[in-house]
Amino acid sequence: MAVQSILNEPVSRHMRTDPCRLLAGQTVGEALEHLRRQAPSGRVVYFYVVDQDNRLLGVVPTRRLLLSDPHTRVDDIMVRSVIAIPHTATVLEACEFFTMHRFLAFPVVDDQKRLVGVVDVDLYTHELTDLERREGNEDLFQLIGVHLTESNQKRVVLAFRSRFPWLLTNITGGLLAAWLADAYADVATLVLVTPFIPVVLALAESVSIQSVSLALETLHGVRATWHLYLRRLIREALVGLMLGAACGTVVALAAWLWKKNIYAGLSLFLGIGGSVAAAAIVGMSIPLIVRILRYNPQVASGPIALASADMITLLLYFNLGRWLLGPTAMS
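Scoring rules and cut-offs
Residues numbered from 1 in each chain as written. Predicted model: local features only at pLDDT ≥ 70, side-chain atom pairs only at ≥ 80, totals over all residues. Heavy atoms only, no water. Core = buried A, V, L, I, M, F, W, Y, C linked by side-chain atoms within 4.5 Å. Buried < 20%, exposed > 50% of the residue type's maximum accessible area, 1.4 Å probe, protein only. Helix = DSSP H or I, 4+ residues; strand = E, 2+ residues; numbered from the N terminus. Contact = heavy atoms within 4.5 Å. Pairing = 2+ DSSP bridges. UniProt positions renumbered as here; feature names shortened; annotations may be inferred. Axes fitted to C-alpha atoms, helices over the stretch in contact; angles between N-to-C directions. pLDDT = per-residue confidence, 0-100.

Caption draft 1: Region of interest: the nonpolar core. Counting residues in each nonpolar core, the largest one holds 27 residues, and the members touching the most others are Val193, Ile197, Leu268, Leu314, Tyr317, Phe318 and Leu325. Going through the elements one at a time, helix 8 (156–183), helix 9 (185–188), helix 10 (197–218), helix 11 (226–259), helix 12 (262–292) and helix 13 (301–324) are the ones with two or more residues in this core. Each residue touching Leu268, except ones within four places of it in the same chain, is listed here: Phe196, Val200, Gly248, Val251, Ala252, Ala255, Gly273 and Tyr317. Ranked by size, the runner-up nonpolar core spans 13 residues in total, among them Cys20, Phe47, Val60 and Val74.

Caption draft 2: Geometry of the pairing of strand 2 (residues 46–50). Judged by how many residues are buried, strand 2 sits mostly within the fold: four of five residues are covered. Relative to strand 2, strand 1 (residues 21–23) is paired through three bridges, and the arrangement is parallel. Paired with Leu23 across the two strands is Val50, which belongs to strand 2. Bridging between strand 2 and strand 3 (residues 56–61) involves five bridges; their strand directions are antiparallel. Counted as the bridge partner of Tyr46 is Pro61 from strand 3. Turn length for the strand 2-strand 3 hairpin, with the two strands adjacent in sequence and antiparallel, is five residues, and the turn residue Asn54 shows positive phi of about 70°.

Caption draft 3: Molecular detail of the UniProt feature "transmembrane region" (unreviewed entry) in the protein. With numbering aligned to this structure, UniProt lists the feature "transmembrane region" (unreviewed entry) at residues 164–181, 187–216, 237–258, 264–290 and 302–325. The annotated region residues 237–258 carries 100% helix and 0% strand content, and the separation between its end C-alpha atoms amounts to 31 Å. Between the end C-alpha atoms of residues 302–325 the distance is 33 Å, and the span holds 96% helix and 0% strand.

Caption draft 4: Fine view of the sheet that holds strand 5 (residues 105–109). Taken together, the three strands give an open sheet; going across it, the order is 4-5-6, and neighbouring strands pair in mixed fashion. What marks the edges here is a single partner per strand, and that holds for strand 4 (85–86) and strand 6 (115–120). For strand 5 and strand 6, the ladder comprises five bridges, and the chain directions are antiparallel. What sits directly across from Val108, in strand 6, is Gly117. Helix 5 (residues 91–101) rests against strand 4, strand 5 and strand 6 of the sheet, and its axis sits at about 140° to strand 5.

Caption draft 5: Here's a closer look at the confidence of the model for the protein. For the protein, the mean per-residue pLDDT works out to 79, and 78% of the residues sit at or above 70. No element of the protein has a lower mean pLDDT than helix 7 (residues 148–151), which averages 47, and none a higher one than strand 4, which averages 92. Low pLDDT, under 50, characterises residues 139–153; the stretch is placed with 35 contacts to residues that sit more than four places away or in other chains.

The following block contains the structure:
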């Protein structure tokens, strides 16, 4: 089953339909006697208090039920503020409840607040552990625009159709890069520029893919919001600047020792520093923005991020080369 379809399944398919119900008005002793006669199945975490119409009124933690006086009414010891999951929620939304509130179980209620089931932490730990393992493999494929399930197609035509469209993204990016190289032919052919184009592009592409991978990992079980995007964007921009400065320093020193030209080193330092920072921002932004807009962030994030990183890198590096190295090369 596809990862996305599992996350979009209604939580009602995964809930237990036998939650431990206690009636309002019962005493603790009566409730315990009822539980002894009808031992609850599965793992019991909380006891839910309902009225005669099965409407959820509160929850009694196990410890409080066991240690209270037998003559105490159940509704006197229950917690009245109950966080419940609506029966229309998806698996992803239910997992967000566990992430945000950190309870061991949540009741599931219908539109009339009637108790219809319960989901416990098993949904988050057992099912999603397997899901995340499959998502990890899926993400590796989707970084290059290929679905894992589609890549396993035995029919040659179907395999071709699933993979070729994303190669068009790479072709488009490559043609745009070629167009830029032609437009900046006065710079791209300089002996102080040409040898370093592959390393500049490789660094930007690597950081972009790292950022896409981290963004996809961030989105597992988390609701994407503009606040989350801005927070992650600022952090990734700072990390990108540090990575760019470090990589730019190493390559610039190597270029200076090799070419004995300080302008070549300065061009590489600024070009790599700026392009790596920009690639980190682009790689983090694309999956988060796509998810906020309620589209699938996994498909095509990688190809789009790579093409964008290439364009930004070449524009920055060629313009710096024209500014710093053009006069030097002609002198």
